[in-house]
2 protein chains.
Amino acid sequence: MKKADIIIQNCLILPMDGKSRIIEDGSIAIENGKIAHVGKKSKFPSFKGENIVDGHGKIAMPGLINCHTHLPMTLFRGIAEDQPLDKWLIETIWPLEANLQPDDVYHGALLGCLEMIKSGTTCFADMYFHEGKIAEAIEKAGLRAVLAQGIIEAGNRTRGERMFRENVDFAKKYHAYANGRVTTQLGPHAVYSCSPELLTKVKEAASALNVGIHIHLAESKEMAKEIKEKSGFSEIELLENLRFLSPNVLAAHCVHLSRREMTLMAKHNVKIAYNPIANMKIAVGTAKIKDLMTLGLTVGIGTDGPASNNSLDMFESMKVAALLQKLHYHDPTVLPTETALKMATIDGARALGLENSVGSLEVGKQADLILVDFKKPHLTPMHNPYANIVYSTHGSDVDTVIANGKILMENRKVKTLNEDEVIRDAEQTASNLLARAGTLR
Amino acid sequence: MKKADIIIQNCLILPMDGKSRIIEDGSIAIENGKIAHVGKKSKFPSFKGENIVDGHGKIAMPGLINCHTHLPMTLFRGIAEDQPLDKWLIETIWPLEANLQPDDVYHGALLGCLEMIKSGTTCFADMYFHEGKIAEAIEKAGLRAVLAQGIIEAGNRTRGERMFRENVDFAKKYHAYANGRVTTQLGPHAVYSCSPELLTKVKEAASALNVGIHIHLAESKEMAKEIKEKSGFSEIELLENLRFLSPNVLAAHCVHLSRREMTLMAKHNVKIAYNPIANMKIAVGTAKIKDLMTLGLTVGIGTDGPASNNSLDMFESMKVAALLQKLHYHDPTVLPTETALKMATIDGARALGLENSVGSLEVGKQADLILVDFKKPHLTPMHNPYANIVYSTHGSDVDTVIANGKILMENRKVKTLNEDEVIRDAEQTASNLLARAGTLR
């Protein structure tokens, strides 16, 4: 009889393994952090389990993957709403960020990790400052992440150079941190905030370090126009000229792209993080995801930072991701439920270069999975599990979260973090930060 | 010392009373189903309370008002997704509806009531068949509603006449049912499905009965075009010619309206139910809510039927309501948080003609209110209660629901319904219905 650390029994399984399978009355065995078996309970080999989890009335599926966020911005949730982007940044966000201490980032990130665990996200891509502190929060929380320290040159070459060096140091130091749960990328903020010279250096460093690159791309029409006027090239053409584009580039937003730019992105197999809620909230427009996917591009879903969403709930983002595409193309058949769930799981893993280790429930992959309790009025009846997951489930329906084979939450009780403490520390941190920033203004 | 049935203490109150007040450390007294006092705890008169509810860490606000739904369609949740509207109706929904028995409607409605209580909705406007059964479900659940039995003539005058008579009978019989919690309206389905003669009869009967009218208006471009081609008039002009428009008309959707039509609606103070999620999901377009509100029109928010959303969670609809307007007008300042919450509370009450009895927390109004537990990671920190309620709260954060002064849910335990039984009965009903409809197809 084989040994397993955890056996989940009697659940409905959405493996997201490319076979469109729905396994009823299924079981999952986890051993040494990996998935040892997935299948019908009746055909399940004998396992001697240390820990038996009853999956009755629950859907087992891969943990959700959030492809774009700025986690410590939990601290700024709701702080200056319904404002034009520049006013919001100049009057509120930048003054606060100028006062951010590493410990603030840690407490903000820990709050974000707690929110993600409680809403079924097991892996995310982040770009922010003091990213090492975010890595520490992840280590503690038990999640998986791909982290990039942001580089904002903004016309200041010295500053750009300093941030570039810090980012490279971070990428070296934290790659494979937290038992391999943390990997790193370089994080040039955007084409409008980094010079061509700096972007070239980033690209070369990323190749040398063998890490990916996380960048904001074509988010607002105004910025795209500014780049064109300055350089004579569109944003993607400029990157093409710099030989910046590659399958290791994770491009957030991609809202304002010409047909030619989309084709260039497809040629280089650039990965896309689609952020429907933030794009709507900041009113920048709708990414043409259907066109991008038709060209063969891989699209994951991001929440964006919690100050511009204001939530890290990937179930909500999945629903709005599908709704927004239907609206944009005036076609209710666009982005059907299974595709939306694929984007939030296995395609998200592909976007982060982690498709061989997570994103689906397959033997040999790391055990990053969640159980959704569907014995709820809003998930009744269950005519179609994909539809109920994408259109009707909220993060609060997630009952159990497992990452790297470790149970992070069971029966909605988080095991790696003290909830009250994390909330209290984040409240105190935000309050102190406001007081400091207020004094300076 | 005054007597109160329920006293809620130490909560943060959003009264939505038109004064933009946020009352910290507040208390609310409820006596005989009505609000007897709202205010700062420190200035609270002495009440002798029968039932003291601790509101610490909670926001007290009016119960949410869902201005447009077809409640028993919970039974069809997720049943045929991502299809063109006509295919969805012809191949799935209409065959199922043709087999609907009154008891099916009852069990579907009860499931919907349960979902609404668990997500903080205390009042809704419904249009469907066998509406008396929905009234019975509401009586049991303890909610408040404005109900209209649907009239679909669809070119069949006899059928139109029969449904009209049934609707009038229903409106008489159930007005002020369930201790006054149920009021009624007439429910001509839409301009494209009811003849001008029938619409005129409906208008006259509504005047005679002194009840409102609930109708679908300008939902799809195709239907609007068809009406114009057939009658020579746009949808609203046609209704103007029939003298159909009045402040007692509740018009759902209002997506495809010309400037002239909007002005006509404003002239007659027609009430609007904005259904952002269903409009996106069915891909009909975006209602120009900013323009309609600028003209002085009253706009409430609806979820639409649970088969075209697929949720009755008004927090979700409130968020998407705001996001969609920002996107449509390319302006993040459009539909700010307080306005969104107004639409889901007091303006919803106005849309249903209930603004004198519910929609805000004011002395003398019926006690329809909810407590939201904000000691959650995704609601931390609380820089701005409006922002946290609109952008970050889910229905599952609602802790306590009170309607007509009666506690329907406390600590998320529903008191009026047996949750397991309601879920089981609805599952069984849906399953039996599918079996019956399948045999007939």
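Below: a short report on this structure. (Residues numbered from 1 in each chain as written. Chains lettered and ligands numbered in written order. Predicted model: local features only at pLDDT ≥ 70, side-chain atom pairs only at ≥ 80, totals over all residues.)

1. A look at the relation of the copies chain A and chain B
- Rotating chain A by 180° and translating it 0.0 Å along the rotation axis places it on chain B, where the RMSD comes to 0.0 Å. Both chain copies can therefore be described as sitting about a two-fold axis. Taking C-alpha positions as reference, the residue of chain A nearest the rotation axis is Ser 396 of chain A, located at 3.4 Å.
- Both copies contact each other with a shared surface, as 100% of the interface residues of chain A are interface residues in chain B too. (Least-squares fit on C-alpha atoms with pLDDT ≥ 70 in both. Contact = placed C-beta atoms within 7 Å.)

2. A look at helix H8 (residues 259-267) of chain B
Residue and element names in this part refer to chain B.
- Regarding H8, the residues found buried are Glu 261, Met 262 and Met 265. One side of H8 carries all its buried residues, which in axial view fall inside an arc of 100°. Counted as exposed and oriented over 90 degrees from the buried face of H8: Arg 259, Arg 260, Thr 263 and Lys 267.
- On its buried face, H8 sits against helix H7 (235-241) and helix H10 (289-294). (Buried ≥ 20, exposed ≤ 12 C-beta atoms within 10 Å, placed from the backbone. Helix = DSSP H or I, 4+ residues; strand = E, 2+ residues; numbered from the N terminus. Arc of directions from axis to C-beta.)

3. Overview of the nonpolar core
- Core analysis: the largest hydrophobic core is formed by 314 residues, its most contacted members being Cys 113 of chain A together with Cys 113 of chain B.
- In this structure, Cys 113 of chain B is in contact with Ala 137, Ile 138, Ala 141, Leu 143 and Leu 417 of chain B, ignoring residues within four places of it in sequence. (Core = buried A, V, L, I, M, F, W, Y, C linked by C-beta atoms within 7 Å.)

4. A look at the pairing of strand E10 (residues 212-217) of chain A
Residue and element names in this part refer to chain A.
- Most of E10 is tucked away: six of the six residues are buried.
- In E10, alternate side chains face the same way, and those of Gly 212, His 214 and His 216 on one face and Ile 213, Ile 215 and Leu 217 on the other are all buried.
- Bridge count for strand E9 (residues 182-188) against E10 is two bridges, and the pairing is parallel. Within the sheet, the bridge partner assigned to Gln 185 lies in E10 and is Gly 212.
- Note that the unit made of E9, helix H5 (residues 196-209) and E10 has a crossover that is right-handed. (Pairing = 2+ DSSP bridges. Right-handed = clockwise from strand over helix to strand, strands pointing away.)

5. Digging into the sheet that holds strand E12 (residues 271-274) of chain B
Residue and element names in this part refer to chain B.
- Within the open sheet, the eight strands sit side by side as E6-E7-E8-E9-E10-E11-E12-E13. Their pairing is parallel. The open sheet has two edge strands, strand E6 (64-69) and strand E13 (299-301), and neither has a second partner. Across this sheet, the average inter-strand angle for adjacent strands is 25°, counted without regard to direction.
- This element, helix H5 (residues 196-209), spans strand E9 (182-188) and strand E10 (212-217) of the sheet and lies at about 160° to E9. (Axes fitted to C-alpha atoms, helices over the stretch in contact; angles between N-to-C directions.)

6. Details of the interface of chain A and chain B
- With 51 residues of chain A in contact, the opposing surface of chain B contributes 52 residues.
- For the side of chain A that touches chain B, the secondary structure elements donating two or more residues are helix H2 (102-118), helix H9 (276-281), helix H11 (314-328), helix H14 (385-392) and helix H15 (419-440) of chain A.
- Taken together, the residues of the side of chain A that touches chain B sort by class into 25 nonpolar, 15 polar and eleven charged. (Nonpolar A, V, L, I, M, F, W, Y, C, P; charged D, E, K, R; others polar.)

Bear in mind that shape data such as this cannot, by itself, settle questions of function.
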